[in-house]
Amino acid sequence: MPPIAYLECYRCHARISPQTPQTVCTQCGDQPAGSLYVRYDLSHLQGTRPQEVIAQETSGSSAGMWRYRSVLPEVRPVTLGEGWTPILKSKRYANVFVKEEGANPTGTFKARGLALAVTMARHYGLRKLAVPSAGNAAGALAAYAAAAGIEAHIFMPRDVPFANYVEAVAYGANVTLVDGLISDCARIVGERKQQEGWFDVSTLKEPFRIEGKKTMGYELVEQLGWEYPDAVFYPTGGGVGLIGMWKAFEELEQLGWVRPGKRPRMIAVQAAGCAPVVRAYDAGSSLCKMWENASTFAAGLRVPKPYGDAIILDILKASGGIALAVTDEEILASILDWARNEGFFLSPEGASVTAAYDKLLADGTLKPTDRVVLFNTGAGLKYTDVIAEAMKLQRP
Ligand SMILES: [Zn+2]
């Protein structure tokens, strides 16, 4: 594991010391301050064979996303077995792979980012962490905080999937349900954190959630034989997964670990009832405007203005990607389609992506021969109440 060289601001490129816990850039002159990226000196790995480096790293008890510990901070991990999730081939589409993030601890991709954020929090000696969440980050923070013996203070909308509330309470977190959206929860954390002594682990307001999520990029490339696919579809709420994967691609190229080729087109998928990134993309804008009256049963997509909007939009542009929205009806139809025809119980966020794939195939944006990775960011089982409601299904 390499020592962290410095933290770099995405906006102004200032270098910030990693010796003490950091949130966002302290050097950006104007608001909002830029998110911080973790940078290392990886020159000793340049030209190595990834298979050999990983084999060395996984000889002990380290597996899961820690198979990439040679490109993660030098610390003792707080781990519950996150990462190295299956990549499953579709039975119907020859070139479609589903990255099954529902196989993570707490049932979603959020485990990766929060495993690393809590690992670093323990390393820094932080005692109280706070997070606003659309649901799944809450469950993941609660679990890792419990594993690390750290307090978790969680703020989430009152109507999150019930599983998110139950798990957070079961893990012993301090849970507050808020009448509002994640943006309202974020405001409360922001107002109270100083007085309460909370460290804010909000999406893109601390550097290590991106760093944990980048392992998804390493994994999909390794699982495809150290090659890029043609496109990656990602359900985009806060967008950290997309941002983390793009960072992984940059590092993989520096290391020479990926076969030379074009980076995948990054396809950001949102719900029609909350699509700030799609609206900004369509308008050719570099920032999102707050989406009013956000509403969708894909709880993770109810993010009216992602903090990382500028980064997400930059990545879409750089990759030749696009942003598109699907309706809740299309999401539900795709949940049932994939459950009945493939045996996958997708989360609503995951099914937004499968629905979007169908659309882009139908309109010719993608060809059936294009190799694509669709992210199912969470297990459908975490959403039984909201999916049942959408299906108008009642216990007999
Ligand atoms: Zn800055």
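Residues numbered from 1 in each chain as written. Predicted model: local features only at pLDDT ≥ 70, side-chain atom pairs only at ≥ 80, totals over all residues. Heavy atoms only, no water.

Below, the discussion takes up the coordination of the zinc ion. Distances from the zinc ion to its protein donors, Cys 9 (SG), Cys 12 (SG), Cys 25 (SG) and Cys 28 (SG), fall at 2.3 Å. Angles of 100 to 117° at the metal separate the 4 donor atoms of the zinc ion, which places the site in the tetrahedral class. Spacing between the donor residues of the zinc ion along the chain follows C-x2-C-x12-C-x2-C. Note that Cys 9 is positioned in strand β1 (residues 4-9) and Cys 28 in the loop between β2 (15-16) and β3 (36-40), a separation of 19 residues in sequence. (Donors = N, O, S within 2.8 Å, 3.2 Å for Na, K, Ca; no water. Tetrahedral: all angles 85-135°; square planar, octahedral: opposite > 155°, others 65-115°. Helix = DSSP H or I, 4+ residues; strand = E, 2+ residues; numbered from the N terminus.)

A few words now on helix α7 (residues 215-223). With 8 of its 9 residues buried, α7 lies for the most part within the structure. Regarding α7, the residues found buried are Thr 215, Met 216, Gly 217, Tyr 218, Glu 219, Leu 220, Val 221 and Glu 222. Immediately downstream of α7, the backbone of Gly 225 shows phi near 80°, a positive value. (Buried < 20%, exposed > 50% of the residue type's maximum accessible area, 1.4 Å probe, protein only.)

Quick look at the pairing of strand β13 (residues 372-376) now. Across the 5 residues of β13, 5 count as buried, placing the element largely inside the fold. The alternating pattern of β13 places Val 372, Leu 374 and Asn 376 and Val 373 and Phe 375 on opposite faces, both of which are buried. As paired strands, strand β5 (residues 96-100) and β13 are joined by 5 bridges and run parallel to one another. Its bridge partner lying in β13, Phe 97 is registered against Val 373. Two elements, strand β10 (residues 231-235) and β13, share 3 bridges in a ladder whose sense is parallel. Across the sheet, the residue bridging to Ala 231 is Val 372, located in β13. (Pairing = 2+ DSSP bridges.)

The subject of this paragraph is the layout of surface pockets. Gaps between atoms show up when a probe of the same size as a water molecule is rolled over them. In this structure, the largest pocket spans a volume of roughly 900 Å³. Elements represented by at least two residues in the lining of the largest pocket include exactly α3 (136-148), α5 (182-196), α6 (208-213), β10, α8 (240-255) and α10 (309-318). No other element matches α10, which puts 4 residues into the lining of the largest pocket. Its residues assigned to classes, the lining of the largest pocket shows 22 nonpolar, 16 polar and 9 charged. (1 Å grid on protein atoms, 1.4 Å probe; cavity = no way out; pocket = protein on both sides within 12 Å on 5 of 7 lines; lining within 4 Å. Points joined across faces, edges and corners; volume = space filled by probe spheres on them. Nonpolar A, V, L, I, M, F, W, Y, C, P; charged D, E, K, R; others polar.)

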